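Letter by letter, the chains look like this.
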Amino acid sequence: MKKRICVFAGDGIGQEIVPEAIKVLEAIGTRFDHSFECEYAQVGGAAIDSAGIPLPSESLALAKDSDAVLLGAVGGPKWEGLDYERRPERALLGLREQLGLFANLRPAKMYSALIEASTLKPEVIDGIDVLVVRELTGGIYFGKPKGIEQTSTGHKGINTEVYTTEEITRIAEVAFQAARKRRCLVTSIDKANVLESSELWRRVVIEVHKKYPDVELRHMYVDNCAMQLVRKPKQFDVVVTTNLFGDILSDEAAMLTGSIGMLPSASIGSTVGMFEPIHGSAPDIAGKNMANPIGMIASVAMMLNYAFDLPKEAELIEQAIQMTLDQGFRTKDIESEGTTLLGTMEMGDTILQNLGRA
Ligand code: NAD
């Protein structure tokens, strides 16, 4: 297989974790005889410094012309005083919009070696493996009318939840296809007992499901889901939901696993997907070889699985991460008594060695 990958290391720890992920990607390429051609460009604060804007046209063109985008993180205190439109984080919105990334996939997987990092009881979280599929470009964040209007007694704030059949169909397709790569169960989250937009959501998801008879479909109201995620998270495989509900539930699911540095994400559209860890640029630890590269390395595994349909290669990376944790190696953020502390580079090297054994 031959693929072109656009790599944006970005800012802060992005510069440290991306090289570790690339080492792993190259090792997979060599082992399976795939050609992964990586091309680098700047986004975020780094791009503001060199080109004056967070998403220069050359960077966007490179992303559009690639088979997938790998991104570290953007942002930092240096650029916090800039106008909102010129901030590093605008690069992410620009990429989402320009690449048409309408689906955000956020897995929350519990590695048994890290069970003590969670705030929940071990028996509740041991073995959880949930994938939240969030609709990313529709719903109440974009629906119109919106705004704050004057009234005779004060003001009123307005936002509108809107979903069309097309928007629901395409996100449901992503969820059912993702479930086929996993345990073949989709739980669709809505508020169909109160909201008309949710009523349509449920109707369309049921319709799309007819194409996926091998996948089980369940429905759950969002308030119940919020409760079930902490009560019995193992009941979930793929959770599909709207932009607003997904924003909240994906953070709740992530926290079940206890560490922000461990988790990858994928944003998928019609053509080029973008893969990045869920955390930010962590300016407090940047440049100190302290960052956990696992979320970034796991993002490479997601890219191989979802963008290139290489599940075996992705699984090997997951195994190498698992072995490294089982051997007791930790970065500072997940360190506990009796474990061995590693820096970012050493953690990357250890995962690479274990990849050779997996
Ligand atoms: P953050 O995720 O960068 O950091 C939050 C805390 O988690 C910090 O204490 C940090 O040290 C720690 N942390 C995060 N990733 C880690 C890792 N891999 N290993 C070890 N520890 C890790 O969130 P923040 O501090 O709110 O934001 C910092 C900057 O990042 C801001 O400019 C923000 O806008 C930006 N940001 C970018 C993205 C992105 O690029 N997708 C996402 C969130 C925040």
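Before any of the text, the structure's been laid out above.
Notes on the structure in this doc start here.

What counts, and where the lines are drawn
Residues numbered from 1 in each chain as written. Predicted model: local features only at pLDDT ≥ 70, side-chain atom pairs only at ≥ 80, totals over all residues. Heavy atoms only, no water. Helix = DSSP H or I, 4+ residues; strand = E, 2+ residues; numbered from the N terminus. Rg over C-alpha atoms; globule rule 2.2 N^0.38 Å. Buried < 20%, exposed > 50% of the residue type's maximum accessible area, 1.4 Å probe, protein only. Contact = heavy atoms within 4.5 Å. Areas by Shrake-Rupley, 256 points an atom, 1.4 Å probe, with all protein chains shown as cover. Lys, Arg positive; Asp, Glu negative; His and termini not counted. Charge placed at Lys NZ, Arg CZ, Asp CG, Glu CD. Near = heavy atom within 4 Å. Polar contact = N/O pair within 3.5 Å; in protein donor to acceptor, adjacent residues only side chain to side chain. Nonpolar A, V, L, I, M, F, W, Y, C, P; charged D, E, K, R; others polar. Axes fitted to C-alpha atoms, helices over the stretch in contact; angles between N-to-C directions. Parallel < 35°, antiparallel > 145°, perpendicular 65-115°, else oblique. Left-handed = near helix turned anticlockwise from the far one by under 90°.

1. As for the overall build of the protein
- Each helix and strand counted, the protein has twelve helices and 14 strands in total.
- For the protein, whose C-alpha radius of gyration is 20 Å, the value lies close to the compact-globule estimate of 21 Å for 358 residues.
- Reported as C-alpha extents along the three principal axes, the dimensions of the protein are approximately 60 × 50 × 40 Å.
- Of all 358 residues assigned to the protein, the portion counted as buried reaches 52%.
- Contacts in the protein between residues far apart in sequence, at least 24 positions, make up 75% of those at least 6 positions apart.
- Total accessible area on the protein is roughly 15700 Å²; 53% of this is exposed by carbon and sulfur atoms.
- Taking the average place of the 37 positive charges on the side chains of the protein and the average place of its 49 negative ones, the gap between the two points comes to 3 Å.

2. Here we look at the site of the ligand
- Close to the ligand lie 20 residues; Glu89, Gly280, Ala282, Asp284 and Asn292 are nearest.
- In this structure, an oxygen atom belonging to the ligand sits 2.4 Å away from a side-chain N or O atom of Glu89.
- Within the backbone of Ser281, a nitrogen or oxygen atom sits 3.1 Å from an oxygen atom of the ligand.
- For the ligand, whose accessible area on its own is 810 Å², the fraction buried by protein is 69%.
- Of the residues belonging to the shell around the ligand, the class tally is nine nonpolar, seven polar and four charged.

3. Regarding the environment of Ile115
- As for its placement among the helices and strands, Ile115 is situated in the loop between β4 (103-109) and α5 (122-125).
- The exposure class of Ile115 is buried, given its relative accessible area of 18%.
- C-alpha separation for the pair Ile115 and Leu256, spaced 141 residues apart in sequence, amounts to 9.7 Å.
- Residues in contact with Ile115, not counting those within four places in the same chain, are Met110, Pro122, Ile125 and Asp126.

4. Some remarks on the packing of helix α1 (residues 14-32) against helix α10 (residues 294-307)
- Interhelical geometry of α1 versus α10 gives an angle of 40 degrees and a closest axis separation of 8 Å. Here α1 is positioned oblique relative to α10, judged by the angle of their axes. By crossing handedness, the relation of α1 to α10 is classed as right-handed. Contact residues: α1 offers Ile17, Val18, Glu20, Ala21, Val24, Leu25 and Ile28, while α10 offers Met296, Ile297, Val300, Met303 and Leu304.
- Among the residues forming the contact of α1 with α10, the class breakdown is eleven nonpolar, no polar and one charged.

5. Some thoughts on the packing of helix α11 (residues 311-326) against helix α12 (residues 344-357)
- One can describe the packing of α11 onto α12 by two numbers: an axis separation of 8 Å at closest approach and a directional angle of 120 degrees. Judged by the twist between their axes, the crossing of α11 over α12 is right-handed. Listed contacts from α12 to Leu316, Ile317, Ala320, Ile321, Met323 and Thr324 of α11 are Met347, Thr350, Ile351, Asn354, Leu355 and Arg357.
- Among the residues forming the contact of α11 with α12, the class breakdown is eight nonpolar, three polar and one charged.

6. Digging into the side chain of Ser250
- Locating Ser250 in the fold gives a position in helix α9 (residues 243-256).
- Assessed through its relative accessible area of 2%, Ser250 is described here as buried.
- Of the polar contacts made by the side chain of Ser250, one reaches the backbone oxygen of Gly246; its length is 2.7 Å.

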